[in-house]
Amino acid sequence: MPAGEPSAVEREALASGDETTLAITISRRYYFQEQSKVTIGKALGLSRFQVARLLQEARRDGLVRIEIGRPGRVDADLSARLRDELGIDRAVVIESAGGGVDQLGRALAGTLAEESTEASVVGLTWSRALVSMARHIRRLSAHSVLQLAGALYPPDGVPGSVEVVRTVAAAAGGAAAHPIYAPLVVSDVDTAEGLRRQPEIAAAMERFRQLDIALISVGAWQPGGSAVYDLLTPAEQQRLADAGACGELSGRVFDRDGKPVPSDLDDRVVGIDSQTLRAVPKLITSSYGAHRAQATRAAVATGCVHTLVADDELARALLSGA
C-alpha cells in the first residue's frame, strides 16, 4: 500500500468514525509496513498524536499483541489420532498449557490463513474462540468476509459479531465485510421472518451460497457451553434438553446423533441454515474443553466438521470414548 493512499477500509473507517477498524489498519502500517507515525498521519489526515493514541489503544484492547516466545504447539500425533477417530479431513490439536481459548484462537488464525486464497469468500459465526482468532490474525487472503448469523452482544470489552467480521476483513487488506445487523435469536417467528425480508439482510444471506470457507464453533447444551443456550429462558433451555438437545452450531440445535432437534427456535434464528452450512466446501470448526466432547462428536455427525481445531484436553476426552 503506498504511504499516501488510504485503503478502501481506511476511507470507510475515517468516514464512519470506526476507531476499531482504523486502529487495526494503522497498526498494520506501523508494525508490518514500518511506516512512521508522521507518515501514517499525513496519509490519513490525522495528527501524529491521534495515530499514537490509536496505536496505544490497539495494544490496550488486545487488537495488537507483541509476544516473545513460542505459541501453543500443534501436537501432530494427537491431531492424526483424532482425525482418524472422528473420520474427518483434518484435525489441529494444540497444547493449551493453560492457554485455553487464546491458544485455540491462534491456531484458528493459522488454519484459516493456510486454507484461504485471494478469491475466498469466508463466513464467520460468533464465539469466544473466533473473537480470539480475530485478535491473533495477522495477514489473510480473502475476497470477502460474511457474518453467518445475526449479532451476539457479549459483555463490555468483548468484541461482538459485527466487530469480529470487520476485524477479519481488515486483516485481508480491505476485503469486503458483510455484517448482519439483526439479533441472532428473536422472540417470535414473525419478527424473524420480517428481518430476513429486509433488503440488506436478505442480500447478506443470499451470499451464503457463495461461501468457500466457514468458521463455526461447537456449543454444548449446558450453561456456559453455548452462547445460544445462554440467550434462552430456563424454560426454553429445558424444553430443548428434554427434546434431546446435545449441542448447537450457529444456533442450529442437534441431538447426540447429529440430527436436528425440531423447535420454533429454528425459525427464530436469523442466520445460515443447516443445509446451506453443510454445502460449504470447507468447514473449519472449533471446540475446546472436555465438557464439549459429546457435543463435538455429535457435531461431526451433522456433517459440519471438515477440519476440527481443538485443544488437547478435548482431544484426549474424545479419544477416550467420551
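The model shown is predicted, which means the values in this text are computed figures rather than measured ones.

Student: I tried to follow the pairing of strand 9 (residues 307-311) on my own but got confused; where do I start?
Tutor: Residues in a regular strand point their side chains to alternate faces of the sheet. Burial runs high along strand 9: five of the five residues are buried. Residue alternation in strand 9 divides its side chains into two sets, Thr307, Val309 and Asp311 and Leu308 and Ala310, and both sets are buried. Inspection of the sheet shows strand 1 (residues 90-94) paired to strand 9 by five bridges, in the parallel sense. Among the inter-strand pairings, valine 93 is bridged to a residue of strand 9, identified as alanine 310. Pairing between strand 8 (residues 282-287) and strand 9: four bridges, direction parallel. Bridged to threonine 285 within strand 9 is leucine 308. With respect to chirality, the unit in which strand 8 leads through helix 15 (residues 293-301) into the neighbouring parallel strand 9 is right-handed.

Student: Please clarify how helix 5 (residues 76-86) should be interpreted in this entry.
Tutor: Within an α-helix, residues lying three or four positions from one another point in the same direction, as the helix has 3.6 residues per turn. Of the residues making up helix 5, those classed as buried are Leu78, Ser79, Leu82 and Leu86. Along the axis of helix 5, the buried positions cluster into a sector of 100 degrees, meaning they face one direction only. Facing away from the buried side of helix 5 by more than 90 degrees, the exposed set consists of Ala76 and Asp84. The opening residue of helix 5, the one whose side-chain oxygen lies 3.2 Å from the backbone nitrogen of aspartate 77, is aspartate 75.

Student: Sorry if this is basic, but what is going on with unusual backbone geometry here?
Tutor: Negative phi is the rule for most residues except glycine; trans is the rule for most peptide bonds. At serine 250, a position not held by glycine, the phi torsion is positive, near 55 degrees. Among the secondary structure elements, serine 250 is positioned in the loop between strand 6 (247-249) and strand 7 (252-254).

Student: I would appreciate a short explanation of the domain arrangement of the chain in the present structure.
Tutor: By a widespread convention, an interface's size corresponds to the accessible area lost as its parts come together. One can read the domain layout of the chain as domain 1 (8-61) and domain 2 (76-321). Averaged C-alpha coordinates put domain 1 and domain 2 at centres separated by 30 Å. Domain 1 puts 10 residues into the contact, and the matching count from domain 2 is 10 residues. Counting across the interface, domain 1 meets domain 2 through one salt bridge. For arginine 166, the salt bridge is made with glutamate 12, and the minimal N-O distance between the two is 3.4 Å. Between the two partners, domain 1 and domain 2, sit three residue pairs in polar contact (both at pLDDT 80 or more).

Student: Explanation requested: the environment of isoleucine 201 in the structure shown.
Tutor: Mapped onto the elements of the fold, isoleucine 201 is located in helix 10 (residues 199-206). It is 7.9 Å that separates the C-alpha atoms of isoleucine 201 and alanine 182, two residues lying 19 residues apart in sequence.

Student: Explanation requested: the packing of aromatic side chains in the structure shown.
Tutor: Centre-to-centre distance and the angle between the planes together describe a pair of aromatic rings. Counted by the stated rule, this structure contains one aromatic pair. Centre to centre, the rings of tryptophan 221 and tyrosine 229 are 5.0 Å apart; their planes meet at 85 degrees, and the pair counts as edge-to-face. This pair shows no difference in class: tryptophan 221 is buried, exactly as tyrosine 229 is. Its end group placed over the ring of phenylalanine 49, arginine 48 keeps NZ or CZ at 4.6 Å from the ring centre.

About the cut-offs
Residues numbered from 1 in each chain as written. Predicted model: local features only at pLDDT ≥ 70, side-chain atom pairs only at ≥ 80, totals over all residues. Heavy atoms only, no water. Buried < 20%, exposed > 50% of the residue type's maximum accessible area, 1.4 Å probe, protein only. Helix = DSSP H or I, 4+ residues; strand = E, 2+ residues; numbered from the N terminus. Pairing = 2+ DSSP bridges. Right-handed = clockwise from strand over helix to strand, strands pointing away. Arc of directions from axis to C-beta. Polar contact = N/O pair within 3.5 Å; in protein donor to acceptor, adjacent residues only side chain to side chain. Domains from an automatic or database assignment. Contact = heavy atoms within 4.5 Å. Salt bridge = Lys/Arg side-chain N within 4 Å of Asp/Glu carboxyl O. Phe/Tyr/Trp six-rings, centres within 6.5 Å; stacked < 30°, edge-to-face > 60°. Lys NZ or Arg CZ within 6 Å of the ring centre and 35° of its normal.

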